[in-house]
Amino acid sequence: MVEPTTHISTNTSPVGIDIRGLYKIFGPTPEKFMPAVLEGMSKQELRENHGHVLGLRDINIQMPAGGIQVVMGLSGSGKSTLIRHINRLIDPTAGQVLVGPAEQQVDVVQMGPSALQHFRREQTAMVFQKFALFPHLTVQENTEYGLQVQGVDRKTRRTAALRWIERVGLKGYEDSYPNQLSGGMQQRVGLARALTNDAPILLMDEAFSALDPLIRTDMQSVLLDIQQEIGKTIVFITHDLDEALRLGDHIAILRDGEVVQQGTGQQIVLKPADDYIESFVRDVNRGRVIRCRTLMQPGAPVDGPTVDASLVIEEAARLLSAEGKEAANVVNTKGKHVGTIAMGDIIGAMVPPRAEVAAEA
Ligand SMILES: Nc1ncnc2c1ncn2[C@@H]1O[C@H](COP(=O)(O)OP(=O)(O)O)[C@@H](O)[C@H]1O
Ligand SMILES: [Mg+2]
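No experiment lies behind these values; they were computed from the predicted model shown.

Remarks on the pattern of salt bridges
- For the structure shown, the criterion picks out 16 salt bridges.
- Across the salt bridge formed by aspartate 91 and arginine 88, the nearest N and O atoms sit 2.7 Å from each other.
- According to the relative accessible area criterion, aspartate 91 is partly exposed, its value standing at 42%.
- Here arginine 88 falls in the buried class, since its relative accessible area comes to 15%.
- The closest approach of N and O atoms between aspartate 198 and lysine 232, which form a salt bridge, is 2.6 Å. Of this pair, aspartate 198 sits in the loop between α7 (183–196) and β7 (201–205) while lysine 232 sits in the loop between α8 (213–230) and β8 (233–238), and the two are 34 residues apart along the sequence.

As structure tokens, then:
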């Protein structure tokens, strides 16, 4: 077999990940049960009568190049199984994991051993929940490790590592050992190490889940801030809705190995696909999810502040109230006027309609 090329892109252009028809059955003879699963055999029947575990069923997700794809679900829903298919730490029972720009997509599932090794090392970096730092190496050495494995020279390694150590807020700790750092600081090292690899794909499996709430929010800010600059394709796993909504450009919700809904956070909050998702989103602060572009109306500029179309409406409300105005002008990323947004509409969107309130009571 000819090995597909791994020259997907230079490290500067973002790489999309297109998952198609992905199935994973755990057990001694997974292929044997594919036809039955395709016919609709349930996870429960497969487990109870045949001793196999249906890890993933027919996953189709187009992960945005240069964006943050969040995969959310309860424990055991298949999140880790899914992310591990992207760098093929797990082989699928069926399906494709296509990476790269549209014209040159490469299927990770079809890669031979050397192409796969190359892909893993140079196109992907992982950040784990349990940090996975080497205890006998300093912050500096841990951060350089990936480049060292790639055979990058000492000086280049050092410069790259120092840049990211500083960027994640650990300047001055280069010579510390992991056990001298708090959990939050250790995870900053984990992030610096992943960023130093400069791989276009960053895989983060519950990377912030072990951290205390305040430190966790802090890390989310660090990640969002850095992402503005690097524009990597990030796959971020979480079981926390607030985290998903804060980070995700695109969110897929898994349940029992299946995608039950995917879309923007706003789409999910405004139109939950079923009762399961509805129960997740019920208590969400809509003001922090709905963006100005959703509520704005076309119209000429008004006397009021200017807000970005992507700004969440709670921030717009804060601005309007501070300036004592009733409406704001909405502009696109290029600063062009695209419409206006009224305080009344913002309040209407943040407070659930009466019918929903009654239904909950
Ligand atoms: N190697 C394995 N063998 C058998 N079952 C597995 C294996 N790995 C994961 N599973 C099962 O697959 C399902 C999804 O697990 P996982 O992807 O770890 O979920 P999550 O990360 O969402 O908590 C669970 O039912 C789990 O028990
Ligand atoms: Mg997991």
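Describing the site of ligand 1
- The local shell around ligand 1 consists of Phe26, Lys43, Val53, Leu74, Ser75, Gly76, Ser77, Gly78, Lys79, Ser80 and Thr81.
- Serine 77 is positioned with one of its backbone polar atoms (N or O) 3.2 Å from an oxygen atom of ligand 1.
- Note that an oxygen atom of ligand 1 is positioned 2.9 Å from one of the backbone N or O atoms of serine 80.
- Considering every element that reaches the shell around ligand 1, the biggest residue donor is helix α3 (residues 79–86), with three residues.

Details of the packing of aromatic side chains
- Following the criterion strictly, the structure yields three aromatic pairs and no others.
- Centre to centre, the rings of tyrosine 276 and phenylalanine 280 are 5.3 Å apart; their planes meet at 90 degrees, and the pair counts as edge-to-face. Within this pair, tyrosine 276 and its partner phenylalanine 280 are both found in helix α11 (residues 275–281), separated by four residues, close to a single helical turn. One exposure class covers both tyrosine 276 and phenylalanine 280, and it is buried.
- Its guanidinium or amino end placed over the ring of tyrosine 276, arginine 255 lies 4.2 Å from that ring's centre, counting from NZ or CZ.

Considering helix α5 (residues 139–149)
- Of all the residues in α5, the buried ones are Val139, Gln140, Asn142, Thr143, Glu144, Gly146 and Leu147.
- Directly beyond the C-terminal end of α5, a positive phi value near 85 degrees is found at glycine 151.

Structural notes on the sheet that holds strand β11 (residues 306–308)
- As summarised here, the arrangement of the three strands in space is β11-β12-β13, forming an open sheet in which the pairing is mixed. Edge positions in the open sheet fall to β11 and β13 (337–342), since each of these has one partner strand only. Neighbour-to-neighbour, the strand axes of this sheet turn through a mean angle of 35 degrees, independent of strand direction.
- Across five bridges, strand β12 (residues 327–331) lies against β13 in antiparallel orientation. Residue pairing across strands places asparagine 329 opposite threonine 340, the latter belonging to β13.
- Those strands touched by helix α13 (residues 313–323) are β11, β12 and β13, and its axis lies near 170 degrees from that of β11.

Thoughts on the domain arrangement of the protein
- When cut into domains, the protein gives domain 1 (17–281) and domain 2 (286–360).
- Each of domain 1 and domain 2 was reduced to a C-alpha centroid, and the two centroids are 33 Å apart.
- Residue-level contacts link five residues of domain 1 with five residues of domain 2.
- Of all residues in domain 1, the largest losses of buried area upon contact with domain 2 belong to Gln266, Val269 and Leu270, amounting jointly to 80% of the total for that side.

What about the sheet that holds β8?
- If you walk across this open sheet you meet the six strands as β6-β7-β8-β3-β9-β10, and the pairing is mixed. Two strands in the sheet have a free side with no partner beyond their single neighbour: β6 (124–128) and β10 (258–263). Each adjacent strand pair in this sheet contributes to an overall mean axis angle of 15 degrees, direction not counted.
- Looking at chain direction, strand β3 (residues 68–72) and β8 are connected through five bridges and run parallel. Following the sheet pairing, valine 70 is matched in β8 by phenylalanine 236.
- Helix-sheet contacts for helix α4 (residues 113–123) involve β6 and β7, and the interaxial angle to β6 is about 65 degrees.

Focus: the packing of helix α6 (residues 154–167) against α8
- Running from N to C, α6 and α8 point in directions that differ by 135 degrees, and their axes come no closer than 11 Å. If you check the angle between α6 and α8, you find them oblique. Packed against α6, whose contacting residues are Arg163, Trp164 and Arg167, the element α8 presents Asp225, Ile226, Glu229 and Ile230 at the interface.
- For the contact of α6 with α8, the class distribution of residues is three nonpolar, no polar and four charged.

Regarding the side chain of glutamine 261
- Inspection of the secondary structure assignment puts glutamine 261 in strand β10.
- Within polar-contact distance, the side chain of glutamine 261 engages the backbone nitrogen of alanine 273 at 2.8 Å.

Reading the values: the criteria
- Here the residue index of a chain counts from 1 through its sequence in written order.
- The naming scheme follows written order: chains are lettered A onward, ligands numbered 1 onward.
- pLDDT decides what is reported in this predicted model: residues at 70 or higher carry local features, side-chain atom pairs at 80 or more are listed and counted, and totals for whole chains, interfaces and linings draw on all residues regardless.
- Think of the side-chain values as coming from all heavy atoms in the structure, minus any hydrogens and water.
- The salt bridge definition used is simple: a Lys or Arg side-chain nitrogen within 4 Å of an Asp or Glu carboxyl oxygen.
- A simple rule labels every residue: compare its accessible area, found with a 1.4 Å probe on the protein chains alone, to the largest value its type can have, and call it buried under 20%, exposed over 50%, or partly exposed in between.
- Each helix is a run of DSSP H or I of at least 4 residues and each strand a run of E of at least 2, with the numbering of both proceeding from the N terminus.
- Here, proximity means that at least one heavy atom of the residue falls within 4 Å of the molecule or strand.
- Polar contact is the term for a pair of N or O atoms within 3.5 Å; when the atoms are in protein, one must be able to donate a hydrogen and the other to accept it, and sequence-neighboring residues count only if both atoms are side-chain atoms.
- Ring pairs are drawn from Phe, Tyr and Trp, using the six-membered ring of Trp, whenever the two centres fall within 6.5 Å, and their geometry is named by plane angle: stacked under 30 degrees, edge-to-face over 60, tilted for the rest.
- The rule for a charge over a ring is simple: NZ of Lys or CZ of Arg within 6 Å of the ring centre, and within 35 degrees of the ring normal.
- Strand pairing follows a simple DSSP-based rule, namely that at least 2 bridges must link the two strands.
- Think of each axis as a best-fit line through the C-alpha atoms, taken over the contacting stretch in the case of a helix, with angles from 0 to 180 degrees between the N-to-C directions.
- In what follows, residue pairs with any heavy atoms lying within 4.5 Å of each other are defined as contacts.
- Domain delimitation follows an automatic or database domain assignment.
- Accessible area that two parts lose when put together, with a 1.4 Å probe and added across both, is what the buried area reports.
- Should an angle fall under 35 degrees it is taken as roughly parallel, and over 145 as roughly antiparallel, whereas 65 to 115 is taken as roughly perpendicular and any remaining angle as oblique.
- Just so you know the grouping, Ala, Val, Leu, Ile, Met, Phe, Trp, Tyr, Cys and Pro go in nonpolar, Asp, Glu, Lys and Arg go in charged, and all remaining residues, Gly too, go in polar.

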